[in-house]
Amino acid sequence: MSAFNAIGADQEVDTDAFTPGVEPRATWCPGCGDFAVLKTLKQAMVERGKNPDEVLLVTGIGCSGKLSSYFESYGFHSIHGRSLPVARAATLANPDLEVVAAGGDGDGYGIGGNHFTHTARENHDMTYIVFNNEIFGLTKGQTSPTSPKGHKSKTQPSGSAKNPIRPLEWGLNAGATYIARTAAVNPRQATEILVEAMDHDGFAHVDFLTQCPTWNKDAKQYVPYIDVQDSEDFEFDVHDRDDAAQMMREADTRLHEGEILTGRFFVEEGRPSYSEEKRQTGQMPDEPIVEQYFDENAEWKPSSDLLDRHR
Amino acid sequence: MTENELIWRLAGGSGDGIDSTSQNFAKVLMRSGLHVFTHRHYPSRIRGGHTYAEIRSKATPVRSRGDGYNFLLALGDSFARSPDEEAYYGNEEVKPLVENLDDLRDGGIIVYDEGLIDIDDVDSVLETSLEALAAEHDWHVYPLDLRDIATEHGREVMRNTAGVGATAALISLDLDPIEALMSDSMSGDALEANLTILQAAYDQVRDEHEIDHDVVLPEGTHEEAPVLLSGSHGVAYGALDAGCRFISGYPMTPWTEVFTILSQHLPEYGGVSEQVEDEIAAAGMAIGASHAGVKAMSGSSGGGFALMSELLGTAEMTETPVVFVEAMRGGPSTGMPTKPEQGDLDHVLYSSQGDSNRIVFAPGTIEECYEQTRRAFELAYEYQLPAIVVIDQKLSGEYRTVPDSVFTESAPDPDPGTVLTEEEIEDAAHHASGSYLRFQYDADDGVVPRTLPGQKGGRFLTTGNEHNPAGHISEDPENRRRQVDRRRAKQEAIRETLDETGTHQTRYGTEDARYGILVWGSQQSTVFEAVDRLNETDDSVSALGVSEMMPFPESDVADFLESVEEAVVVEMNSGGQFRGLVQRELGAYGDRLYSLLKYDGNPFEPAEVVDGVRAVITDDPSVAPPTTRLEPTKATNSR
Ligand SMILES: Cc1ncc(C[n+]2csc(CCOP(=O)(O)OP(=O)(O)O)c2C)c(N)n1
Ligand code: SF4
Ligand SMILES: [Mg+2]
């Protein structure tokens, strides 16, 4: 018998179940794109039949990191850039959990970029939502890794001399197996994408465009957006790595020109998740590791079994 | 005066198989009934650079190096050879012989490979003749062409086997246990060749040399079944028996040893090991695994541990139990990667922003590595905070015989600590909205039981920000005070638990001694050895080995200092960090404390401690060893 009976529990929930009693109302600035992530994440959870006790939401630091304060579930609001190590270890400890990590573009593509590369590479079965507002929101509007070249801010008074990061291709090269971009202005598409991302058995990377009306004075609202799956202008096979790479390049280039291409950019089915790989190669037990601690019949092999080699 | 002992030093190039040969030989000595202790001298490079391993063996337990040694097997440095030419770089190949003569005791044995070491080169480097030195010191020199024996029956790299065969012949050691061990680790042609070489070298010594020395193999039997292993094994096995089933890490010397042992065995124990992109990820993953309910560990050496500091504080703030190992090496920065130092005490105690709230243990022996790692897990998971086990390159790589009962005495303890079951969650305090009040103020010893993701009705938020009883961010002053006070209360509770259930300080030496030695971590055994020698002449010295660095064992240390007139704090760093801790925690006794410091990359030898302490006793700083620094002098201290 499992010690974790919230997992897979047959329970009717609605979006209110994911609204915390302590901080029911989010305090982001009016018009902030972050509200859309909160709303669509709740909706996606309901559509997937999840209950708050089987979800672990790990966040970073930034306006985006406050997501866990406004979302009812097991939550770990970690530190700047480090949500992914915490989250991915939880998928190894208890693979049956619904693990979602989330944070800003500075958090995920800047300070935590090394973890992004390696978590995608390992293809952990989890979902990673990057609130991409092309700015450091919480710290009051500094240039971020996704800010366009020439972006001026108090710390880049003459305009950034750097090309922005191209997150979609980065995710692809690193090894993510589901990559999508959505935008706060299209909650219907965003919900669909989040459902797919969580359904996906592997590392799902969702670059979520979230406008920051307070600090991104160009007041990007990420409209008009185009869904690459719906548009007749784009023909590409989302399962084909080369097609996907080209489409991503196009999307990131046009983003900087003010044209918003959203949708699924890459989906790889069939590649085993990291936990599966480890199980198949005998590096991880079939049962969730954590269950042993609550199983009265579990056998705890002593270290003295190893002593023969020292005699 | 002294008990018969064999201290065998094997010297050669870094690629000459010093490690494996010496470890096997140590095992042979153990199997023939002796206690052994190995010391490994490391140069930093993988190849090139001379190195040696030393094995001290006698009939009674050995806890440290001796002073000097009595048997040198000088292989010569075969890797000093230029790959393109037959020539050697300068006189490098003779250095494993000439550089080891200083410590060779009078009456000792020298075996050298004359196939590689040219005696004329030796004499020219020595600027005198080996023969003359040997006469002066009554050394017994046995030149043997080990290279020739090895190449005749096998390959040149098997010179070390020839050296072992010669050693056996010279000390009347039976070849059987050596052959048995070789058969365990080799097979086929390699085994055949090695066995032949072993016998050939043995026979050659017996046939061609007249044995005229006094060094003989001690005789002994073990009262308890022994095992030969290192401090790294102690830590790793302690973790296994504490129910640790997750380790994450990034290689760094010397932490890599613990990481390697656990990585090799965790899967067969139902756990997982992760080598990840950096130490930040390693620390974050151990925290994540533990948050999800698995007993977890990570660790590193100085530089990597520095990268973990922000997450260490996160574990304190989120009250996530986790155990970190810090295997110190010479610092700062990359420092001296393969040399031991005790320079990271302040680092492990205070690193990370804010007041620190953690457990820090510094075991002094292999047995203590095992026990204190288990204890670290037990306390970390009971009190929900990080625990650090700090060792160093000396302890981590030092092999010694210990009774196997150390590891068999108590069964594994997988208790996950203060965690609620789903049934208990039903009765626990919840917010009206249904989330668990994970950080409520009222808590015994400051500890509110945890719930784990996936448990029904247990959901809560935790955060590295200050938070209210529900785990939500709060900067309310009243809440802040109460949360800080609650978390801090754990320190006192842990101190009480330790005092009640047994502390980890070790007292050694005379009961009512006039002089004391305070020591922490890996230098403990060396100091105890020195205490024996000091007390041979005047029975006036006692030592306290301290392992509990945080929470600090105030009464143990204060009682000890009360009992002596003066005390020398022995540690391997230049800043006297432990002495600083003692004074900071006790706020007294400054006028009776001296520091004996060593920071040249080599651990203390017992004689250095003896001389350093004598310098204090006799008030004669000139007898303190030049390799150490003694401060303050008595004159400045009494001022
Ligand atoms: C190690 C560390 N460095 C810097 C900070 C300060 N800081 C907090 S959030 C942030 C950047 C926020 O930008 P982003 O990640 O894009 O999140 P947003 O606020 O835009 O959602 C910075 C620099 C910190 N908390 N920790
Ligand atoms: S500063 Fe920007 S990102 Fe932050 S809450 Fe306000 S609008 Fe949103
Ligand atoms: Mg941002």
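Just so it is clear, the structure is predicted and the values come from calculations on it, not from any experiment.

Rules and cut-offs
- Within each chain, residues carry numbers counting from 1 in the order of the written sequence.
- Chain A is the first chain written and ligand 1 is the first ligand written, with later ones labelled in order.
- The model is predicted, so local features are restricted to residues of pLDDT at least 70 and side-chain atom pairs to those at 80 or more, both for listing and for counting; the totals for chains, interfaces and linings are taken over all residues.
- Excluded from the side-chain calculations are hydrogens and water; all other atoms, namely the structure's heavy atoms, are used.
- Patch members must show over 30% relative accessible area and no salt bridge, and they are joined within 9 Å when carrying like charges or within 5 Å when they are nonpolar side chains of Val, Leu, Ile, Met, Phe, Trp or Tyr.
- All accessible areas in this document rest on Shrake-Rupley with a 1.4 Å probe, and a residue is counted as covered only by the protein chains that are shown.
- A pair is scored as a salt bridge if a Lys or Arg side-chain nitrogen falls within 4 Å of a carboxyl oxygen belonging to Asp or Glu.
- Numbering of helices and strands runs from the N terminus, with a helix taken as a DSSP run of H or I at least four residues long and a strand as a DSSP run of E at least two residues long.
- Each metal's donors comprise the N, O and S atoms found within 2.8 Å of it (within 3.2 Å for Na, K or Ca). Water is not part of the atom list, so some coordination spheres may appear incomplete.
- Each residue's exposure class comes from its accessible area (1.4 Å probe, protein chains only) as a fraction of the maximum for that residue type: buried when under 20%, exposed when over 50%, partly exposed otherwise.
- For helices, the fitted axis covers only the stretch in contact; all axes are lines through C-alpha atoms, and the angles between them, taken along N-to-C directions, range from 0 to 180 degrees.
- Any angle between 65 and 115 degrees counts as roughly perpendicular, while under 35 counts as roughly parallel, over 145 as roughly antiparallel, and the rest as oblique.
- Handedness of a crossing is defined here by the sense of rotation of the near helix relative to the far one, left-handed for an anticlockwise turn of less than a right angle and right-handed for a clockwise turn.
- Should any heavy atoms of two residues lie within 4.5 Å, those residues are considered in contact.
- When residues are sorted by character, Ala, Val, Leu, Ile, Met, Phe, Trp, Tyr, Cys and Pro go into the nonpolar class, Asp, Glu, Lys and Arg into the charged class, and all the rest, Gly among them, into the polar class.
- Where each domain begins and ends follows an automated or database-derived domain assignment.
- Buried area: the sum, over both parts, of the accessible surface (1.4 Å probe) that disappears when the two are put together.
- Near is defined per residue: the residue qualifies when any heavy atom it owns lies within 4 Å of the molecule or strand.
- Any two strands with at least two DSSP-identified bridges between them are counted as paired.
- If you view a crossover with the strands going away from you and the path from the first strand over the helix to the second runs clockwise, you call it right-handed.
- Confidence of the predictor at the level of single residues is given by pLDDT, which spans 0 to 100.
- Here a polar contact is taken to be a pair of N or O atoms separated by no more than 3.5 Å, where protein atoms must pair a possible hydrogen donor with a possible acceptor and residues adjacent in sequence count only if both atoms sit in side chains.
- One fewer than the residue count of a helix, multiplied by 1.5 Å, yields its expected span.
- Only four residue types enter the charge count, namely Lys and Arg as positive and Asp and Glu as negative; His and the chain termini do not.
- Lysine's charge is taken at NZ, arginine's at CZ, aspartate's at CG and glutamate's at CD.
- This arc is built from the directions going out from the helix axis to the C-beta atoms.
- Buried residues of nine kinds, namely Ala, Val, Leu, Ile, Met, Phe, Trp, Tyr and Cys, make up a nonpolar core once their side-chain atoms join them within 4.5 Å.

A surface patch of nonpolar side chains, amounting to about 220 Å² of accessible area, comprises Val185(A), Val223(A) and Tyr225(A). Tracing the chain through its elements places Tyr225(A) in strand β7 (residues 225-227).

Residues and elements named next belong to chain A. For the magnesium ion (ligand 3), the full set of protein donor atoms is Asp105 (OD), Asn133 (OD1) and Ile135 (O), and the range of their distances to it is 2.0 to 2.2 Å. Counting along the primary sequence, the residues that act as donors to the magnesium ion (ligand 3) give the motif D-x27-N-x1-I. For the pair formed by asparagine 133 and isoleucine 135, the shared burial category is buried.

Taken as a whole and assessed by the stated rule, the structure comprises 54 salt bridges over all chains. Linking Arg459(B) and Asp53(A) is a salt bridge whose minimum nitrogen-to-oxygen distance equals 3.3 Å. Taken as a pair, Arg459(B) in the loop between α18 (422-427) and β15 (461-463) and Asp53(A) in the loop between α1 (34-47) and β1 (55-59) lie in two separate chains rather than in one. One salt bridge in this structure joins Glu565(B) and Arg514(B), with 3.1 Å as the shortest N-O distance. With Glu565(B) in the loop between α21 (554-563) and β20 (566-571) and Arg514(B) in the loop between β16 (506-509) and β17 (515-520), the pair connects residues that are 51 residues apart, well separated along the chain. Three or more residues joined by partner-sharing salt bridges are found here, namely Glu5(B), Arg56(B), Arg63(B), Asp67(B), Arg105(B), Glu529(B), Asp532(B) and Arg533(B).

A few words on the packing of helix α15 (residues 366-383) of chain B against helix α19 (residues 477-501) of chain B. Residue and element names in this part refer to chain B. Running from amino to carboxyl end, α15 crosses α19 at an angle of 140°, the nearest separation of the two axes being 11 Å. As the angle between them shows, α15 and α19 are arranged oblique. You can see that α15 and α19 cross each other, and the crossing is right-handed. Residue-level inspection shows Arg375, Leu379 and Tyr383 of α15 in contact with α19, the latter providing Lys490, Ala493, Ile494, Thr497, Leu498 and Thr501. Considered class by class, the residues forming the contact of α15 with α19 number five nonpolar, two polar and two charged.

In this section: the domain arrangement of chain B. Residues and elements named next belong to chain B. Taken domain by domain, chain B consists of domain 1 (5-208), domain 2 (227-408), domain 3 (422-501) and domain 4 (506-631). Computed over C-alpha atoms, the centres of domain 3 and domain 4 are 41 Å apart. Every contact between the two is made by four residues of domain 3 and, on the other side, five residues of domain 4. Summed over both partners, the interface of domain 3 with domain 4 comes to about 420 Å²; 51% of that surface belongs to carbon and sulfur atoms. Contact with domain 4 buries area across many residues of domain 3, yet Gln491, Arg495 and Leu498 alone supply 84% of it, more than any other trio.

Residue and element names in this part refer to chain B. Between threonine 253 and the following residue, proline 254, the backbone shows a cis peptide bond with an omega angle of 0°. Mapped onto the fold, proline 254 is located in the loop between β8 (246-249) and α10 (256-265). Note that the residue after glycine 331, namely proline 332, is joined by a cis bond; omega there is -5°. If you trace the backbone, proline 332 turns up in the loop between β11 (322-328) and α14 (345-350). Phi at aspartate 138 is positive, roughly 60°, even though this residue is not glycine. Among the secondary structure elements, aspartate 138 is positioned in the loop between α4 (130-137) and β6 (140-144). Here the phi dihedral of tyrosine 589 falls at roughly 70°; this positive angle occurs in a residue that is not glycine. By the secondary structure assignment, tyrosine 589 is in the loop between α22 (577-586) and β21 (593-597). When its relative accessible area of 14% is taken as the criterion, tyrosine 589 is described as buried.

So, on to the site of ligand 2. Surrounding ligand 2, one finds Trp28(A), Cys29(A), Cys32(A), Cys63(A), Asn133(A), Cys212(A), Pro213(A), Thr214(A) and Trp215(A). Along the lines of polarity and charge, the residues of the shell around ligand 2 split into seven nonpolar, two polar and no charged.

Bringing the pairing of β21(B) into the picture now. All names here are of chain B. Across the five residues that make up β21, a large majority, five, are buried. Residue alternation in β21 divides its side chains into two sets, Leu593, Ser595 and Leu597 and Tyr594 and Leu596, and both sets are buried. Here β20 runs beside β21; their pairing, made up of five bridges, is parallel. Of the residues in β21, the one forming a bridge with alanine 567 is leucine 593. Following the backbone out of β20, through α22 and into the adjacent parallel β21, one traces a crossover that is right-handed. The sheet contact formed by β21 and strand β22 (residues 629-631) spans three bridges and is antiparallel. Residue pairing in the sheet places serine 595 in a bridge with glutamate 631 of β22.

Let us now look at the confidence of the model for chain B. As a note on interpretation, predicted positions should not be read in detail where pLDDT is low. The pLDDT averaged across chain B works out to 94; a share of 96% of its residues lies at or above 70. Both scores are given for the predicted complex: the pTM is 0.96, the ipTM 0.98.

Of all residues adjacent to ligand 1, which total 17 residues, the nearest are Cys63(A), Ser64(A), Asp105(A), Asp107(A) and Gly137(A). Looking at the residues close to ligand 1, they fall on chains A and B. Residue Gly106(A) places a main-chain N or O atom 2.9 Å away from an oxygen atom belonging to ligand 1. One of the backbone N or O atoms of Leu138(A) is found 2.9 Å from an oxygen atom in ligand 1. Along the lines of polarity and charge, the residues of the shell around ligand 1 split into six nonpolar, eight polar and three charged.

Let us look at the sheet that holds strand β6 (residues 203-209) of chain A. The strands making up a sheet associate through backbone hydrogen bonding, with each pair oriented either parallel or antiparallel. Across the sheet, nine strands lie side by side as β7(A)-β8(A)-β5(A)-β6(A)-β4(A)-β3(A)-β1(A)-β2(A)-β15(B); this open sheet has mixed pairing. Each having just a single partner strand, β7 of chain A together with β15 of chain B make up the two edges of the open sheet. Direction aside, neighbouring strands of the sheet carry axes that sit 20° apart on average. Pairing between β1(A) and strand β3 (residues 98-104) of chain A: five bridges, direction parallel. Of the residues in β3(A), the one forming a bridge with Val58(A) is Ala101(A). Packed onto the sheet, α1(A) meets β1, β3, β4 (126-132) and β6 of chain A and runs at close to 160° relative to β4(A).

The subject of this paragraph is α19(B). Residues and elements named next belong to chain B. Over its 25 residues, α19 extends 37 Å from the first C-alpha to the last, a length consistent with the 36 Å expected when each residue adds 1.5 Å. Listing the buried residues of α19 in full gives Asn479, Gln483, Arg486, Arg487, Lys490, Gln491, Ala493, Ile494, Arg495, Thr497 and Leu498. Contacts made by the buried residues of α19 are with α13 (309-318), β12 (359-361), α15 and β19 (548-550). Looking one or two residues beyond α19, the residue adopting positive phi is glycine 502, at roughly 115°.

Residues and elements named next belong to chain B. Together, Glu382, Asp415, Asp444, Asp445, Glu492, Glu496 and Glu500 give the surface a local cluster of negative charge. With three residues, α19 is the largest single contributor of residues to the negative patch. Counting through the fold element by element, glutamate 382 comes out in helix α15. The class for glutamate 382 is partly exposed, based on a relative accessible area of 36%.

Quick look at α10(B) now. Residues and elements named next belong to chain B. Buried within α10 are the following residues: Val258, Phe259, Ile261, Leu262 and His265. Mapping the buried residues of α10 onto a view down its axis gives an arc of 165°, with all of them on the same face. The inward-facing, buried residues of α10 contact α9 (231-241), β8, β9 (272-275), β10 (296-300) and β13 (386-392).

Within soluble globular proteins, side chains that are nonpolar tend to cluster in buried spots. Judged by nonpolar contacts, the single largest core of 185 residues is most densely connected at Tyr237(B), Met297(B), Leu518(B), Met549(B), Leu561(B) and Phe578(B). For this core, the leading source of residues is α15(B), giving nine residues. Setting aside anything within four residues of it in sequence, one finds Tyr237(B) in contact with Ser303(A), Leu306(A), Leu307(A), Arg309(A), His310(A), Leu229(B), Ile261(B), Tyr370(B) and Phe407(B). In this structure, Trp8(B), Phe25(B), Ala166(B) and Leu170(B) belong to the second largest nonpolar core, which totals 48 residues.

A separate point is the sheet that holds β11(B). Residues and elements named next belong to chain B. An order of β9-β8-β10-β11-β13-β12-β19 is seen for the seven strands of this open sheet, with the pairing classed as mixed. Every other strand in the sheet has two partners, leaving β9 and β19 as the edge strands with one partner each. The mean angle between the axes of side-by-side strands here comes to 20°, regardless of whether they run parallel or antiparallel. Pairing analysis gives four bridges linking β8 to β9, with the strands arranged parallel. Paired with isoleucine 247 across the two strands is serine 273, which belongs to β9.

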